[in-house]
Amino acid sequence: MQAKQVFQNMSPYTPGKQIEDVKKEYGLTRIVKLASNENPFGYSDKIKEAIPNMIDHLEIYPDGYATALRETLARKLNVGEKQLIFGCGSDEVVDLICRTYLEEGTNTVMATPTFPQYKHNALIQGANIVEVPLINGYHDLETMLDKINSQTKVVWLCSPNNPTGSLISGEKLTDFLDRCSSDVMVVLDEAYYEYIEANQNPKSLGLLKKYSNLVILRTFSKAYGIANLRVGYGIASEEVATYLNIARGPFNTTSISQLSALTALEDEAFLQRTYEENLVNKKAFMKSCDEMGLSYYDSEANFLFVKLPTSGDALFDYLLRKGFIVRSGEALGHPNGVRITIGSKEQMSELVTNMKEYLALI
């Protein structure tokens, strides 16, 4: 049976190398995965302790409204409960936005390279894609504004941007919203929000009251460390949230994932440790890159995109044989570089040693 025409030129998402696959392929017993921006410090011990008590009544559907999580998160963020949309990861909320607002004859504006699911889901809905190249890793906001026209329905701002880690400042964000038509939805994807240094915080939630066309995306997959449980969310006006919840499946997050996210919110000490250790290890890695003569983009996330004198694939292959999985820039639409998740102090030290060995060979 023939799918829609657009599918003929698309392919499924290709995830990074999986640990067990690499072990088998290279005969390794230990793998350090620094490719998917997961939390190297795991997740809250409080979740680990609570999960055994979450597995009763698996025969019953979960709370489709995610009531307890919704109430707690709304209080924490100081927003209305009806402003929240929960998804199976924030990438499901991306899909909901595309299904609700995009169709043939419309277009959507985004940076390139950026999180690929914006483009992927928009194409499925038949929308035209308008891509604006980054400038030194940052969104070219002026050109993005210039590209908006009467057919534009959604603009995507990934901040910190994946794969470069660059942040849109609060001042520039406000200026963009002031100048963008109120008829165009502006999606601010803050998947890495919890890693932003305090003095750089754009305080985006405060903009929701003024700009009804703003939608903010966040997730429990990164700093909170429960990527496997798939909980993300959007914050929007009640009107937009209502439309997105119409498109949302009735039971798209499980009871276990909802309760785990709720428990994660309670463990602020774990989140603070994650933030602090990531920042220390990232700065140490940046210093090592300086010493190796490698440049990189500014990053307010838990990864660093490192530019290389060779292809990203070449360093990727070399590190793979050493038991390290990173993400090649070639796979991310940015050749001659690698995106490296910031790991533990010990992991990063060993990684730097391997990178130095690689550079000595080229």
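Now for a look at the structure at hand. (Residues numbered from 1 in each chain as written. Predicted model: local features only at pLDDT ≥ 70, side-chain atom pairs only at ≥ 80, totals over all residues. Heavy atoms only, no water.)

### Some remarks on the overall build of the chain
And step 1. Broken down by element type, the chain carries 12 helices and 12 strands.
And step 2. Viewed in the frame of its principal axes, the chain has a C-alpha envelope of about 55 × 55 × 50 Å.
And step 3. Relative to its full complement of 362 residues, the chain shows a buried share of 52%.
And step 4. In the chain, of all internal contacts separated by at least 6 residues, the share reaching a separation of at least 24 is 72%.
And step 5. Treating the 36 positive side-chain charges of the chain as one cloud and the 45 negative ones as another, the clouds have centres 2 Å apart. (Helix = DSSP H or I, 4+ residues; strand = E, 2+ residues; numbered from the N terminus. Buried < 20%, exposed > 50% of the residue type's maximum accessible area, 1.4 Å probe, protein only. Contact = heavy atoms within 4.5 Å. Lys, Arg positive; Asp, Glu negative; His and termini not counted. Charge placed at Lys NZ, Arg CZ, Asp CG, Glu CD.)

### Remarks on the pattern of salt bridges
And step 1. For the coordinates displayed, the defined rule picks out 12 salt bridges.
And step 2. One salt bridge in this structure joins Glu268 and Lys76, with 3.6 Å as the shortest N-O distance. Of the two residues, Glu268 sits in helix 10 (residues 268-292) while Lys76 sits in helix 3 (residues 67-77), which places them 192 residues apart along the sequence.
And step 3. Residue Glu268 is classed as exposed on the basis of its relative accessible area of 52%. (Salt bridge = Lys/Arg side-chain N within 4 Å of Asp/Glu carboxyl O.)

### Structural notes on the pairing of strand 6 (residues 185-189)
And step 1. Among the five residues of strand 6, five are classified as buried, and the element is accordingly described as predominantly covered.
And step 2. Burial along strand 6 is two-sided: Met185, Val187 and Asp189 facing one way and Val186 and Leu188 facing the other are all buried.
And step 3. The pairing of strand 5 (residues 152-158) with strand 6 spans five bridges and is parallel. Its bridge partner being in strand 6, Val154 is matched across the sheet by Met185.
And step 4. Each parallel crossover has a hand, and for strand 5 linked through helix 7 (residues 170-179) to strand 6 it is right-handed. (Pairing = 2+ DSSP bridges. Right-handed = clockwise from strand over helix to strand, strands pointing away.)

### A word on the sheet that holds strand 8 (residues 232-235)
And step 1. The seven strands are arranged 2-8-7-6-5-3-4 in an open sheet whose pairing can be described as mixed. Because the sheet does not close on itself, it has two edges, and the strands there are strand 2 (84-87) and strand 4 (128-133). Each strand of the sheet is rotated relative to its neighbour by a mean of 20°, with strand direction disregarded.
And step 2. The strands touched by helix 5 (residues 117-124) are strand 3 (107-112), strand 4, strand 5 and strand 6; relative to strand 4, the strand with the most contacts, the crossing angle is about 160°.
And step 3. Across the face of the sheet, helix 8 (residues 238-247) comes into contact with strand 2, strand 6 and strand 7 (214-219) while running at roughly 30° to strand 2. (Axes fitted to C-alpha atoms, helices over the stretch in contact; angles between N-to-C directions.)

### Considerations on the side chain of Thr274
And step 1. As for its position among the elements, Thr274 is in helix 10.
And step 2. Of note is the side chain of Thr274, whose polar atom sits 3.2 Å from the side chain of Asn39.
And step 3. The contacts of Thr274, once residues within four sequence positions are left out, are Asn39, Phe41, Tyr195 and Ala223. (Polar contact = N/O pair within 3.5 Å; in protein donor to acceptor, adjacent residues only side chain to side chain.)

### Topic: the state of the cysteines
And step 1. Throughout the structure, instances matching the rule amount to zero disulfides.
And step 2. Summary of cysteine pairing: Cys98 is not part of a disulfide, and the nearest cysteine sulfur, belonging to Cys158, is at 14 Å.
And step 3. Cys98 supplies the cysteine sulfur nearest to Cys180, a cysteine that is in no disulfide, at a spacing of 16 Å. (Disulfide = S-S within 2.5 Å.)

These values are about where atoms sit, not about what they do.
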